[in-house]
Amino acid sequence: MSGREATGVSAWALGLLVLLPVPLLGALAAGGAMVAAYGSLSRQGPLAKANAAAARRWGAIFLIVSTGLLVLQLALSVPRLFGTPEPVGFLPLGIPILLYATVCLVHLVVVIVATLRARRGEVVRLPLVGGRS
């Protein structure tokens, strides 16, 4: 047994799955893995439990928002495939996919910062994502 306390860093590191080179699958894998990691990490001590709970909350929010934006993009785009062939600019219909890319970028920054904090043995606390484990 090592003398170092479990920190729950792996729950945050799983958020890096967003970088998978398969379009759209990375966001689903990252959010889902962060949520799923809580079960095993919550039994590894209070620090690991706190960080895994924060990662679970962030992962769930990211998963819901990113999936919602993708569904919205599909809902706006698919009817255009079967509708009139009028030329339409990117921006009115492309707003959800631009927001999706922004959410993924914010997720990546949050995950990197939180992973580094958890690795140092700190409890990761995110603004606007309150809650207790």
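Provided above is the structure to which this section pertains.
We now turn to the structure provided with this report. Keep in mind that this is a model prediction, so the values were computed, not measured.

Side note on the packing of aromatic side chains
Logical step 1: For the coordinates displayed, the defined rule picks out 0 aromatic pairs.
Logical step 2: The residue whose ring lies beneath Arg56 is Tyr38, and the NZ or CZ to ring-centre distance is 3.9 Å.

A word on the environment of Ala60
Logical step 1: Residue placement: Ala60 occurs in helix α4 (residues 46-82).
Logical step 2: In this structure, the C-alpha to C-alpha distance between Ala60 and Ala33, residues 27 residues apart in sequence, is 9.7 Å.

Describing the environment of Ala52
Logical step 1: Here Ala52 shows up in helix α4.
Logical step 2: Its relative accessible area of 0% is what places Ala52 among the buried residues.
Logical step 3: Those residues within four positions of Ala52 in sequence are excluded, and the remaining contacts are Ala11, Tyr38 and Leu41.

Structural notes on the packing of helix α2 (residues 25-36) against helix α5 (residues 90-119)
Logical step 1: Their axes nearest at 12 Å, the elements α2 and α5 cross at an angle of 40°. Looking at the two axes, α2 sits oblique to α5. Crossing hand, α2 versus α5: left-handed. Where α2 abuts α5, its residues Ala27, Ala30 and Met34 lie against Tyr100, Cys104, His107 and Val111.
Logical step 2: Residues belonging to the contact of α2 with α5 are distributed by class as follows: 6 nonpolar, 1 polar and no charged.

Quick word on the nonpolar core
Logical step 1: Core analysis: the largest hydrophobic core is formed by 25 residues, its most contacted members being Trp12, Val18, Trp58 and Phe62.
Logical step 2: Put simply, the parts of the chain that give this core at least two residues each are α1 (9-13), α2, α3 (38-41), α4 and α5.
Logical step 3: With 8 residues, α4 is the single largest residue contributor to this core.

Some details on a nonpolar patch on the surface
Logical step 1: A grouping of Phe90, Leu91, Ile95, Leu98 and Leu99 is seen on the molecular surface, where their side chains present a nonpolar patch of about 470 Å² in accessible area.
Logical step 2: Inspection of the secondary structure puts Phe90 in helix α5.
Logical step 3: Looking at Phe90, the relative accessible area reads 52%, which means it is exposed.

Scoring rules and cut-offs
Residues numbered from 1 in each chain as written. Predicted model: local features only at pLDDT ≥ 70, side-chain atom pairs only at ≥ 80, totals over all residues. Heavy atoms only, no water. Phe/Tyr/Trp six-rings, centres within 6.5 Å; stacked < 30°, edge-to-face > 60°. Lys NZ or Arg CZ within 6 Å of the ring centre and 35° of its normal. Helix = DSSP H or I, 4+ residues; strand = E, 2+ residues; numbered from the N terminus. Buried < 20%, exposed > 50% of the residue type's maximum accessible area, 1.4 Å probe, protein only. Contact = heavy atoms within 4.5 Å. Axes fitted to C-alpha atoms, helices over the stretch in contact; angles between N-to-C directions. Parallel < 35°, antiparallel > 145°, perpendicular 65-115°, else oblique. Left-handed = near helix turned anticlockwise from the far one by under 90°. Nonpolar A, V, L, I, M, F, W, Y, C, P; charged D, E, K, R; others polar. Core = buried A, V, L, I, M, F, W, Y, C linked by side-chain atoms within 4.5 Å. Patch = residues over 30% accessible without salt bridge, like charges linked within 9 Å, V, L, I, M, F, W, Y side chains within 5 Å. Areas by Shrake-Rupley, 256 points an atom, 1.4 Å probe, with all protein chains shown as cover. Salt bridge = Lys/Arg side-chain N within 4 Å of Asp/Glu carboxyl O.

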